[in-house]
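Working through the structure, step by step
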Amino acid sequence: MAKLGKRLTDSYKKVDREALYSLEGAVSLIKGLPKAKFDETIEIAMNLGIDPRHADQMVRGVVNLPNGTGKTVRVAVFAKGTKADDALAAGADIVGADDLAEKILAGNIDFDRCIASPDMMGVVGKLGKVLGPRGLMPNPKLGTVTPDVAGAVKAAKAGAVEFRAEKTGIVHAGVGKASFSEEALVQNIRAFVDAITRAKPTGAKGQYLLKVSLSSTMGPGLKLDLSTLAATA
C-alpha cells in the first residue's frame, strides 16, 4: 500500500471515517484541513437507491449552482447567423456549424460543454459516437439543445452542472472550490441535493438517498447525515 504524504496523513487524523457529519460541520472541517498546493474542488458523491440499467430509473439533469463552480468552462456552440452572433456575445468560446463538426471529427475537442440550436441537430447528430462517450452530446432535456443559445451559454458559464447516475447508482459532481466561503459551499450543495431529489425517477422504490459523502480533490471523504440536508427522501 502506498505511503500517504504528511498533508494527507494529517488530514485523516482529523476525520472520523465512521461518523455522520452535518452538512455545515463537514464543510467547515474540510475547509480547515491541511491545504493542497492548488485550489481543490469540493466534490459530492451520492449513492442512490436506483438501478440505472432500467430506463425508468435513470437520473439525469442539470442544476444551476447559486455560487457557480469556480471552474472556467469552455463552451462550444453549433449555430448559424444571428444565433451564432448571440452565442459569441454571450461568451461562447467556439461557434460554428459544419466547420466545427469537422474539427471535432478530427479530434479537436477543446471544450467542456456543447450547445446547439435545434436547426443544427442534423449536423450534430453525426457526432454522437464522438461526443456521446464524453458526455458532451447536446440534449434537449439538459437544455443544451435550445433556440436560446445565448441563455444556455450564460448558464454554462455561470455554473450550470450536468449530472448523470453511473451504472452503480452513484452521482458525483464538483460543487465549488475550497477557496469558497462556507456559506457559498453549503448553498451550492443544498441546491445540488435538491436537484437530485427532484429528479427522482418514477421507477425508484424504497429509500432514494442512501449515502452522501463530501470531500476535496486530495482529501478524505466525510459521510453526511442525511437529516441535515435540505431535501431528503
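Residues numbered from 1 in each chain as written. Predicted model: local features only at pLDDT ≥ 70, side-chain atom pairs only at ≥ 80, totals over all residues. Heavy atoms only, no water.

As annotated in an unreviewed UniProt entry, the chain carries the name Large ribosomal subunit protein uL1 and is attributed to Azospirillum argentinense. The UniProt entry for the chain carries the following text under Sequence similarities (unreviewed entry): "Belongs to the universal ribosomal protein uL1 family." (UniProt positions renumbered as here; feature names shortened; annotations may be inferred.)

Of the regular secondary structure elements, the chain holds 8 helices and 10 strands. The C-alpha radius of gyration computed for the chain amounts to 19 Å, which stays within 12% of the reference 17 Å derived for 233 residues, consistent with globular compactness. The dimensions of the chain, computed from C-alpha atoms along their principal axes, are 55 × 45 × 35 Å. For the chain, the proportion of its 233 residues judged to be buried stands at 46%. For the chain, long-range pairs separated by at least 24 residues make up 72% of all intrachain contacts whose partners lie at least 6 apart in sequence. Surface summary for the chain: the accessible area is close to 11,900 Å², and the carbon and sulfur share equals 52%. (Helix = DSSP H or I, 4+ residues; strand = E, 2+ residues; numbered from the N terminus. Rg over C-alpha atoms; globule rule 2.2 N^0.38 Å. Buried < 20%, exposed > 50% of the residue type's maximum accessible area, 1.4 Å probe, protein only. Contact = heavy atoms within 4.5 Å. Areas by Shrake-Rupley, 256 points an atom, 1.4 Å probe, with all protein chains shown as cover.)

On to empty space enclosed by the protein, then. Scanning the entire structure with this criterion turns up 2 cavities of 30 Å³ or more. By volume, the largest cavity is sized at about 70 Å³. Forming the boundary of the largest cavity are 12 residues, of which Ile-30, Leu-33, Pro-34, Glu-40 and Ser-216 lie nearest the centre. Put simply, the parts of the chain that give the lining of the largest cavity at least two residues each are α1 (6-13) and α2 (23-32). When its residues are assigned to classes, the lining of the largest cavity shows 5 nonpolar, 3 polar and 4 charged. Taken as a whole, the second largest cavity encloses approximately 30 Å³ of empty space. Lining the second largest cavity are Arg-113, Cys-114, Gly-135, Leu-136, Met-137, Leu-142, Thr-144 and Glu-162. A class-by-class count of the residues in the lining of the second largest cavity yields 4 nonpolar, 2 polar and 2 charged. (1 Å grid on protein atoms, 1.4 Å probe; cavity = no way out; pocket = protein on both sides within 12 Å on 5 of 7 lines; lining within 4 Å. Points joined across faces, edges and corners; volume = space filled by probe spheres on them. Nonpolar A, V, L, I, M, F, W, Y, C, P; charged D, E, K, R; others polar.)

Before going further, it helps to examine the packing of α2 against helix α8 (residues 182-198). Interhelical geometry of α2 versus α8 gives an angle of 130 degrees and a closest axis separation of 10 Å. The pairing of α2 with α8 is recorded here as oblique in orientation. In this structure, the crossing between α2 and α8 has a hand that is right-handed. Taking contact as the criterion, the partners of Leu-23, Glu-24, Val-27, Ser-28 and Lys-31 in α2 are, on α8, Glu-182, Leu-185, Val-186, Ile-189 and Arg-190. (Axes fitted to C-alpha atoms, helices over the stretch in contact; angles between N-to-C directions. Parallel < 35°, antiparallel > 145°, perpendicular 65-115°, else oblique. Left-handed = near helix turned anticlockwise from the far one by under 90°.)

With that out of the way, let us pick up the layout of surface pockets. If you add up the space inside the largest pocket, you get close to 870 Å³. Contributing elements (two or more residues each) for the lining of the largest pocket: β2 (41-48), β3 (60-64), β7 (160-164) and β8 (170-177). In terms of residue class, the lining of the largest pocket is made up of 11 nonpolar, 9 polar and 10 charged. Viewed by domain, the lining of the largest pocket spans two of them, domain 1 (17-68 + 160-228) and domain 2 (75-158), each represented by three or more residues. (Domains from an automatic or database assignment.)

Next up on the list: the sheet that holds strand β4 (residues 75-78). On the basis of which strands lie adjacent, the open sheet formed by 3 strands has the order β5-β4-β6 and parallel pairing. The sheet is open, and its two edges are formed by β5 (94-96) and β6 (113-116), each paired on a single side. Taken over all neighbouring pairs, the strand axes of this sheet differ in orientation by 15 degrees on average, direction set aside. As paired elements, β4 and β5 share 3 bridges and run parallel to each other. Following the sheet pairing, Phe-78 is matched in β5 by Gly-96. (Pairing = 2+ DSSP bridges.)

This part takes up the packing of aromatic side chains. Per the stated rule, a full pass over the model turns up 1 aromatic pair. When the ring of Phe-163 is compared with that of Phe-192, the centres are 5.8 Å apart and the planes differ by 75 degrees; the resulting orientation is edge-to-face. Of this pair, Phe-163 sits in strand β7 while Phe-192 sits in helix α8, and the two are 29 residues apart along the sequence. For the pair Phe-163 and Phe-192, one class covers both residues: buried. (Phe/Tyr/Trp six-rings, centres within 6.5 Å; stacked < 30°, edge-to-face > 60°.)

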